[in-house]
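Understanding the architecture of this molecule
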Amino acid sequence: RRMRSASREPVEALVAAPERVCGGALRIRPVQTGLHAVADLDGAGAEQVFREAAVRGIEVMPLSAYFMGRCQTNALVLGFAAVPPEALTRGMERLAAAIDAARCR
C-alpha cells in the first residue's frame, strides 16, 4: 500500500500529460503496478518516435523491443519511476515534439 501511495502522484502526472500536450497521438494504458507504462501511438511509428525522442534526450523504447517475434502493436514503453512529477510534463512536451517530427518523415 505504501508503494502504491508513493507512486500515485507520478502515475497521475504521467497519465494526465499526454492529454494536455500530445493531442491524442499518445494514449497511456492503465497502470496498476510497476515502474513503466505502455503508451499506444497514433499517426507515427514507434521506431521513428524512439529515434526522434533520443535526439531530444527522452528515453523511451518501442514495445516491439520486448518481443522475440513480430510485434503488431505500435506502442512505446515509458519509465517514470526516476522522474519527478513536475518533470513528466516537460518530458511529455519533448516527446510530443518527437511524435510530430516522426509524423513528418
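Each remark here, short or long, concerns the structure printed above.
Residues numbered from 1 in each chain as written. Predicted model: local features only at pLDDT ≥ 70, side-chain atom pairs only at ≥ 80, totals over all residues. Heavy atoms only, no water.

**Some points on the pattern of salt bridges**
Rule in force here: The working definition used for a salt bridge is a side-chain nitrogen of Lys or Arg within 4 Å of a carboxyl oxygen of Asp or Glu. Under the scheme applied here, a residue whose accessible area is under 20% of the maximum for its type counts as buried, over 50% as exposed, and between as partly exposed, the area being computed with a 1.4 Å probe on protein chains only.
This structure, assessed with the given rule, holds 3 salt bridges. Between Arg-56 and Glu-52 there is a salt bridge; the shortest N-O distance is 2.9 Å. In this structure Arg-56 comes out as partly exposed when scored by relative accessible area, which is 27%. A relative accessible area of 7% means that Glu-52 is categorised as buried.

**A word on the nonpolar core**
Our working rule: Definition of nonpolar core: a set of buried residues of the types Ala, Val, Leu, Ile, Met, Phe, Trp, Tyr and Cys, connected through side-chain atoms within 4.5 Å. Helix and strand assignments follow DSSP, with helices taken as H or I runs no shorter than four residues and strands as E runs no shorter than two, numbered in order from the N terminus. Here, residues are in contact when the closest pair of their heavy atoms is within 4.5 Å.
Counting 27 residues, the largest nonpolar core has Leu-14, Leu-26, Val-49, Leu-76, Leu-78, Leu-95 and Ile-99 as its most contacted members. Those elements that provide at least two residues to this core are helix H1 (2–21), strand S1 (26–28), strand S2 (36–41), helix H2 (46–55), strand S4 (75–79) and helix H3 (85–103). Broken down by element, the residue count for this core peaks at 7 residues, all from H3. What Leu-95 contacts, discounting residues up to four positions off in sequence, is Leu-26, Val-49, Ala-53, Ile-58, Val-60, Leu-76 and Leu-78.

Take it as geometry only, folks, not as evidence of what the structure does.
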